[in-house]
Amino acid sequence: MLVFIIRRLLFLPVVFFGVTLLIVLLMQLLAPYQRAAAFVQSEAQLRNIEAIIEQYGLEDPWYEQYGRWLGQVFRGNLGYSRVTSEPVWTTLQRRFPVTLELTLYAIVPVIALGVWLGSAAAIHRDRFIDQFTRVLSIVGWSLPTFVLGIWLLVIFYGVLGWLEPGRLSTTYQIQVARGGFSHVTGMLTVDALLNGRLDIFWDALKHLILPVITLAVVQAAQIMRVMRSSLLDALSQDYVRTARAKGLDQRVVNNKHARRNALIPVVTLAGFVLIGLISGLVITETIFNYPGLGQWAAAAATQLDYASIMGFAVFTAVVVVLGNLLVDIAYGVVDPRIRYD
């Protein structure tokens, strides 16, 4: 297992070079004047755009531009984000805990709901729970995230006034910004508990409800369908029929013999869902004004913030490699027959 983990970690630089090189090549499709516009911050600079092209070497061959950027990355400099007006590395450090907090609260209901309803549908095939789950999964699967998010926002914020967008209410934002509140982890609910502020914890938790529901409905539908199909296949296998013929309790047959094997494709899908959540929830964070990596990436893309896009690509490459490594390790836990030697 250790050799396998080391081998996968050694694969990380290859992914890093592949992703960043692809983005640099795509950016070369734009003319130097278009790329120079990304560095313009005033009318005076706009009138002197030739100087910007010369300053950043935008007419140099692509490999020289890529080499200069790579040299800066190895020195720990990912560039300056025009979107957040601070270094890209600082933005990643500040926004990653925000996205991670939303991911951790969302991934539990996503997996639990998907596995539970998928299992119930397969075990009670063609009964009410199966039909109900099918309708639920089709609705969840076909419902665009932005549509569900806007509906929830209109109902629970616009009409009822119960749940606001953002990360905290204005009153608590002022209290946190005044000082005296220690940001230990960057995750507000955890930091509120560490500071002994249950009022801030409850307020931060309320602001997570709508984004988590949005993600749970859409993402759990995928896991639900895969779990149902996989468990139906497992329940028709010979070893399950043998277990039933031996007189084992039906619950033991379903949970211990069939469901464990049916979880393997679910682990794969759940891993990709987790990777997608951690690497940025672009639509969900933008709709609910949640200041995470996804909101930053969306703003960087619309404003052609080259440094931010490259920094986000590097971060995503690392998350994808590490996420796939965790999925492979989880295979061994779910199915002891799998060996990596």
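What counts, and at which threshold
- Residues numbered from 1 in each chain as written.
- Predicted model: local features only at pLDDT ≥ 70, side-chain atom pairs only at ≥ 80, totals over all residues.
- Heavy atoms only, no water.
- UniProt positions renumbered as here; feature names shortened; annotations may be inferred.
- Helix = DSSP H or I, 4+ residues; strand = E, 2+ residues; numbered from the N terminus.
- Buried < 20%, exposed > 50% of the residue type's maximum accessible area, 1.4 Å probe, protein only.
- Lys, Arg positive; Asp, Glu negative; His and termini not counted.
- Charge placed at Lys NZ, Arg CZ, Asp CG, Glu CD.
- Phe/Tyr/Trp six-rings, centres within 6.5 Å; stacked < 30°, edge-to-face > 60°.
- Patch = residues over 30% accessible without salt bridge, like charges linked within 9 Å, V, L, I, M, F, W, Y side chains within 5 Å.
- Areas by Shrake-Rupley, 256 points an atom, 1.4 Å probe, with all protein chains shown as cover.
- Salt bridge = Lys/Arg side-chain N within 4 Å of Asp/Glu carboxyl O.
- Contact = heavy atoms within 4.5 Å.
- Core = buried A, V, L, I, M, F, W, Y, C linked by side-chain atoms within 4.5 Å.
- Axes fitted to C-alpha atoms, helices over the stretch in contact; angles between N-to-C directions.
- Parallel < 35°, antiparallel > 145°, perpendicular 65-115°, else oblique.
- Left-handed = near helix turned anticlockwise from the far one by under 90°.
- Nonpolar A, V, L, I, M, F, W, Y, C, P; charged D, E, K, R; others polar.

- An unreviewed UniProt entry annotates the chain as Binding-protein-dependent transport systems inner membrane component originating from Truepera radiovictrix.
- Of the chain, the UniProt comment under Sequence similarities (unreviewed entry) reads exactly: "Belongs to the binding-protein-dependent transport system permease family."
- Under the UniProt heading Subcellular location (unreviewed entry), the note attached to the chain is "Cell membrane".

Thoughts on the overall build of the chain
Then step 1. Within the chain, the regular secondary structure consists of 17 helices and two strands.
Then step 2. Oriented by its inertia axes, the alpha-carbon framework of the chain measures out at about 85 × 55 × 40 Å.
Then step 3. In the chain, buried positions account for 43% of the 341 residues.
Then step 4. Where the 27 positive side-chain charges of the chain centre and where its 22 negative ones centre are 11 Å apart.

Brief notes about the packing of aromatic side chains
Then step 1. Under the criterion given, the structure shown has five aromatic pairs.
Then step 2. With 5.8 Å between their ring centres and 80 degrees between their planes, Trp62 and Tyr63 make a pair best called edge-to-face.
Then step 3. Judged by relative accessible area, Trp62 falls into the partly exposed class, the value being 36%.
Then step 4. Ring geometry for Phe128 and Phe132: centres 6.1 Å apart, planes at 20 degrees, overall stacked. Pair noted here: Phe128 and Phe132 are both in helix H8 (residues 128–142), with a separation of four residues, about one helical turn.

Here's the deal with a nonpolar patch on the surface
Then step 1. A surface patch of nonpolar side chains, about 970 Å² in accessible area, is lined by Phe146, Ile150, Trp151, Val154, Ile155, Val159, Leu160, Trp162, Val282 and Ile283.
Then step 2. Among the elements that make up the nonpolar patch, the one with the highest residue count is helix H9 (residues 145–159) (six residues).

A closer look at the UniProt feature "transmembrane region" (unreviewed entry) in the chain
Then step 1. Here the UniProt feature "transmembrane region" (unreviewed entry) sits at residues 9–31, 102–123, 135–160, 262–288 and 308–334.
Then step 2. With 100% helix and 0% strand, residues 308–334 has its two end C-alpha atoms placed 38 Å apart.

Here we look at the environment of Val327
Then step 1. Structurally, Val327 can be placed in helix H17 (residues 306–334).
Then step 2. In sequence terms Val327 and Thr268 are 59 residues apart; their C-alpha atoms lie 6.3 Å from each other.
Then step 3. Each residue touching Val327, except ones within four places of it in the same chain, is listed here: Val267, Thr268 and Gly271.

Re the nonpolar core
Then step 1. Residues Leu102, Ile223 and Leu231 are the most contacted members of the largest nonpolar core, which totals 29 residues.
Then step 2. The set of elements that each furnish at least two residues to this core consists of helix H7 (88–123), helix H12 (198–235), helix H13 (238–245) and helix H14 (250–278).
Then step 3. Counting residues per element, this core draws most heavily on H12, at 10 residues.
Then step 4. Core analysis: the next-biggest nonpolar cluster, separate from the first, contains 24 residues, Met27, Trp69, Ile278 and Phe315 among them.

Regarding the packing of H13 against H14
Then step 1. Their axes nearest at 10 Å, the elements H13 and H14 cross at an angle of 165 degrees. The angle between the axes of H13 and H14 places the two elements in the roughly antiparallel class. As H13 packs across H14, the resulting crossing turns out to be right-handed. For the pair formed by H13 and H14, the contact residues are Tyr239, Val240, Ala243 and Arg244 on the first element and Gln250, Val253, Asn254, His257, Ala258 and Asn261 on the second.
Then step 2. Residue composition of the contact of H13 with H14, by class: five nonpolar, four polar and one charged.

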